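Summary of structural features
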Amino acid sequence: MRRVSSVTELTSTKIADLARYWEGKRGSRPMPLWRDIDPSEIKPLLPHLLVSRYEWNPFRVRYALVGTWLAQFAGGDFTGRYLDELDFSGEDTDWLSHHRRFIAEARPAFGVCRFLTQSGLERDYESGMFPIAGEDGTVARALGIEDFARGVEVKADETVIAPSPVHKG
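Residues numbered from 1 in each chain as written. Predicted model: local features only at pLDDT ≥ 70, side-chain atom pairs only at ≥ 80, totals over all residues. Heavy atoms only, no water.

Following Asn 57, the chain continues to Pro 58 via a peptide bond in cis, the omega torsion being 0°. Structurally, Pro 58 can be placed in the loop between strand S2 (49–55) and strand S3 (60–66). Positioned with a positive phi, Asn 57 is a non-glycine residue whose angle comes to about 55°. Exposure remark for Asn 57: the relative accessible area of 77% places this residue in the exposed category. Residues other than glycine seldom take positive phi values, yet Ala 106 does so here, at roughly 55°. Looking at the secondary structure, you find Ala 106 in the loop between helix H3 (95–105) and strand S4 (109–116). (Helix = DSSP H or I, 4+ residues; strand = E, 2+ residues; numbered from the N terminus. Buried < 20%, exposed > 50% of the residue type's maximum accessible area, 1.4 Å probe, protein only.)

Moving on, we come to the confidence of the model for the protein. Across the protein, the average pLDDT comes to 87, with 88% of residues at 70 or higher. Every residue in residues 157–169 scores below 50 in pLDDT, and together they form 15 contacts with partners more than four places removed in sequence or on other chains. (pLDDT = per-residue confidence, 0-100. Contact = heavy atoms within 4.5 Å.)

Burial of strand S5 (residues 122–133) is extensive: 10 of the 12 residues sit out of reach of the surface. Pairing of S5 with strand S6 (residues 139–147), which is carried by 8 bridges, proceeds in the antiparallel orientation. When the sheet's bridge partners are listed, Met 129 is paired in S6 with Gly 144. Where S5 hands over to S6, the hairpin turn is made up of 5 residues, of which Gly 137 adopts a positive phi near 90°. (Pairing = 2+ DSSP bridges.)

Quick look at the sheet that holds S5 now. A sheet is described by the order of its strands in space; here 6 strands give the open sequence S1-S4-S5-S6-S2-S3, paired in antiparallel fashion. Among the strands making up the open sheet, the edge pair consists of strand S1 (2–4) and S3. Adjacent strand axes in the sheet meet at a mean angle of 30°, parallel and antiparallel pairs treated alike. Relative to the sheet, helix H1 (residues 13–26) contacts S2, S4, S5 and S6, its axis offset from that of S5 by approximately 5°. Set on the sheet, H3 makes contact with S1, S2, S3, S4, S5 and S6; between it and S5 the angle comes to about 35°. (Axes fitted to C-alpha atoms, helices over the stretch in contact; angles between N-to-C directions.)

Another point: the pattern of salt bridges. With the rule as written, the count across this model stands at 12 salt bridges. Glu 41 is the partner of Lys 25 in a salt bridge, and the nearest nitrogen-oxygen pair spans 2.9 Å. Residue Lys 25 is found in helix H1, and its partner Glu 41 is found in the loop between H1 and S2; the two are separated by 16 residues along the sequence. The partly exposed category is assigned to Lys 25, whose relative accessible area is 23%. Taking the shortest distance from any N to any O, the salt bridge between Arg 60 and Asp 84 comes out at 2.8 Å. Taken together, the positions of Arg 60 in strand S3 and Asp 84 in the loop between helix H2 (68–74) and H3 put the pair 24 residues apart, joining distant regions of the chain. (Salt bridge = Lys/Arg side-chain N within 4 Å of Asp/Glu carboxyl O.)

Below, the discussion takes up the environment of Glu 9. Within the secondary structure, Glu 9 sits in the loop between S1 and H1. Looking at Glu 9, the relative accessible area reads 45%, which means it is partly exposed. A distance of 2.5 Å separates polar atoms of two side chains, one belonging to Glu 9 and the other to Ser 5. (Polar contact = N/O pair within 3.5 Å; in protein donor to acceptor, adjacent residues only side chain to side chain.)

Structure (structure tokens):
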């Protein structure tokens, strides 16, 4: 993963929309609580969302929710599964280390990730992770979102659809 410092370095409007939503829910606090998040308020983003829950002793990452778009491109729904049970070897990201760093920093994290498709093609996608506090104020969950860069649409069969023209206006 190539980390970027801000959502403004990404092209996904979906990630930008979630960043604005998270900021609004956070208010003056370091991060919102889970009860502050209302899925009905971000309905168009749901297929791209990923909710991770953290467990301690030993540290594990459990995927509490995997949106339909994510499941489609991952090759299956991994809701309820643990990170250490899954094979993300086609990706360029050490997700366990990424989650540990995310928890330690307790602030949103953004990046451009690369994965290798079953047919051997490399694809980039953009991601954002937003910390959600537990009752004790520490990071208890991650509200994640993934999307392809604006202007590129990829179908589940890995076909690249002609990039959308960029309109400046």
